[in-house]
Amino acid sequence: MFVGHYAVSLALKRVDNHASLGMLFLAVQFVDILFFPFVLMGIEHFNIVENYTQSTHFELYFMPYTHSLFASFLWAAGIYIAFRFMPSKKTANKNKIAIVMATAVLSHWFFDLVVHTPDLPLFGDSSTKLGFGLWNNAIATYLLEAILLLLGLGLYLKSTKATTFVGKYGMIIFVVLMLGINAENIFGPPFGDNVVTMSVAALGLYFVFAGVAFWLDGKRN
Ligand SMILES: [Zn+2]
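Residues numbered from 1 in each chain as written. Predicted model: local features only at pLDDT ≥ 70, side-chain atom pairs only at ≥ 80, totals over all residues. Heavy atoms only, no water.

I would appreciate a short explanation of the coordination of the zinc ion in the present structure.
Six octahedral donors around a metal ideally make angles of 90 or 180 degrees; four tetrahedral donors ideally make 109.5 degrees. Around the zinc ion, the protein contributes the donor atoms Asp 32 (OD), His 67 (NE2), His 108 (NE2) and Asp 112 (OD), which lie 2.1 to 2.4 Å from the metal centre. Taken together, the four donor atoms coordinating the zinc ion and their angles of 79 to 167° define a geometry best described as irregular. Positions of the donor residues of the zinc ion, expressed as sequence spacing, correspond to D-x34-H-x40-H-x3-D. Of this pair, His 108 and Asp 112 both sit in helix H6 (residues 94-115), four residues apart, roughly one helical turn. Residue class for Asp 112 comes out buried when judged on its relative accessible area of 1%. (Donors = N, O, S within 2.8 Å, 3.2 Å for Na, K, Ca; no water. Tetrahedral: all angles 85-135°; square planar, octahedral: opposite > 155°, others 65-115°. Helix = DSSP H or I, 4+ residues; strand = E, 2+ residues; numbered from the N terminus. Buried < 20%, exposed > 50% of the residue type's maximum accessible area, 1.4 Å probe, protein only.)

Encoded structure:
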């Protein structure tokens, strides 16, 4: 799953709107943000396989440290600790924000579970791997992510108030843009013909999206 993960980021602003949306954008993709550098370092692996599913052109065959259920819990716990004890000047409730961030990290695995083919291990590289395989139906995958993202947008707009013109319309335009990029991602040709190009491109998009979310979130409170 790609843009659908951001539904969680947007929705969690309703739980605590002191949480940074930019951080929440990084948190929901945290295990992917680790996965691609791990691939570049030869620690985890995937192959480019054109039309592996209707929606993807890759085979994810070794990702025990980022995409096992157990690892997801550990990364979420690490993020909880980081946010709980990170020095901050704000009067915001650090425990609550830490829980929100950890929830965002953990949500990745469960949202991936719906779309992935059985490639998500439970523990390490366990032989039991899960994935409900919605990726085999491109239209259903696109619609699910679009519906999730729009629901997230609705909650976000309800729980924050625009302070400027950009604040009022920016997030809506951004979501429409993400839906367009996801159409290319799901229905388009492979995103680069090798693992390195694809990893770098994916990482770049995650950081650009988080940057835009951070900027737009500053226009609402
Ligand atoms: Zn993932």
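Would you mind showing me how to read the packing of helix H7 (residues 138-159) against helix H8 (residues 165-187) here?
The axes of two packed helices give the description: the angle between them and the distance between them. As a packed pair, H7 and H8 sit with axes 11 Å apart at the nearest point and diverge in direction by 165°. Between H7 and H8, the interaxial angle falls into the category roughly antiparallel. Read as a crossing pair, H7 and H8 show a hand that is right-handed. Touching Ala 138, Ile 139, Thr 141, Tyr 142, Glu 145, Ala 146, Leu 149, Leu 150, Leu 153, Tyr 156 and Leu 157 of H7 are Met 171, Ile 172, Val 175, Met 178, Leu 179, Gly 180, Asn 182, Ala 183, Ile 186 and Phe 187, all from H8. Considering only residue class, the contact of H7 with H8 consists of 17 nonpolar, three polar and one charged. (Axes fitted to C-alpha atoms, helices over the stretch in contact; angles between N-to-C directions. Parallel < 35°, antiparallel > 145°, perpendicular 65-115°, else oblique. Left-handed = near helix turned anticlockwise from the far one by under 90°. Contact = heavy atoms within 4.5 Å. Nonpolar A, V, L, I, M, F, W, Y, C, P; charged D, E, K, R; others polar.)

How should I be thinking about H8 in this particular structure?
Each α-helix winds once per 3.6 residues, and so residues spaced three or four apart point in a common direction. In this model, H8 (23 residues) spans 33 Å end to end at C-alpha, consistent with the 33 Å of a helix rising 1.5 Å per residue. Among the residues of H8, Gly 167, Gly 170, Met 171, Phe 174, Val 175, Met 178, Leu 179, Asn 182 and Ile 186 are the ones counted as buried. In this structure, the buried side of H8 is in contact with helix H1 (6-12), helix H2 (21-28), H7 and helix H9 (195-217). Sitting at the head of H8, Thr 164 places a side-chain oxygen 3.4 Å from the backbone nitrogen of Val 166. (Expected span 1.5 Å × (residues − 1). Polar contact = N/O pair within 3.5 Å; in protein donor to acceptor, adjacent residues only side chain to side chain.)

Mind showing me how you'd approach the packing of helix H5 (residues 69-85) against H6 here?
Interaxial distance between H5 and H6 falls to 8 Å at its minimum, and their mutual angle equals 160°. Classed by the angle they form, the pair H5 and H6 counts as roughly antiparallel. Crossing hand, H5 versus H6: right-handed. Contact with H5, carried on its side by Leu 69, Ser 72, Phe 73, Trp 75, Ala 76, Ile 79, Tyr 80, Phe 83, Arg 84 and Phe 85, involves Lys 94, Asn 95, Ile 97, Ala 98, Ile 99, Met 101, Ala 102, Val 105, Leu 106, Trp 109 and Phe 110 of H6 and no other residues of that element. Taken together, the residues of the contact of H5 with H6 sort by class into 17 nonpolar, two polar and two charged.

Quick question: what am I supposed to make of the packing of aromatic side chains here?
Ring pairs (aromatic) are described by centroid distance and by the angle formed between their planes. In the structure shown here, the tally under the stated rule is 18 aromatic pairs. With centroids separated by 6.1 Å and ring planes inclined at 90°, the aromatic side chains of Phe 36 and Phe 46 adopt a geometry described as edge-to-face. Taken together, the positions of Phe 36 in helix H3 (residues 30-40) and Phe 46 in strand S1 (residues 45-48) put the pair 10 residues apart, joining distant regions of the chain. This pair shows no difference in class: Phe 36 is buried, exactly as Phe 46 is. Among the aromatic residues, those joined into a cluster by ring pairs are Phe 2, Tyr 6, Phe 25, Phe 35, Phe 36, Phe 46, Phe 58, Trp 135, Phe 174, Tyr 206 and Phe 209. Seen from the ring of Phe 85, Arg 84 lies directly overhead, with NZ or CZ sitting 5.5 Å from the centre. (Phe/Tyr/Trp six-rings, centres within 6.5 Å; stacked < 30°, edge-to-face > 60°. Lys NZ or Arg CZ within 6 Å of the ring centre and 35° of its normal.)

Explanation requested: the nonpolar core in the structure shown.
In a soluble, globular protein the nonpolar side chains are often hidden away together inside. With 65 residues, the main nonpolar core has Tyr 6, Phe 25, Met 178 and Phe 209 as its most contacted residues. When residues no more than four places from it in sequence are discounted, the contact partners of Tyr 6 are Phe 25, Val 28, Gln 29, Leu 149, Met 178, Tyr 206 and Phe 209. (Core = buried A, V, L, I, M, F, W, Y, C linked by side-chain atoms within 4.5 Å.)

What am I meant to see in unusual backbone geometry here?
Across the chain, the bulk of peptide bonds are trans and the bulk of non-glycine residues have phi less than zero. In this model, Asn 51 sits at a positive phi of 55°, which is unusual for a non-glycine residue. For Asn 51, the position within the fold is in the loop between S1 and strand S2 (58-62). Taking the relative accessible area as the measure of exposure, Asn 51 reaches 54% and is therefore exposed.

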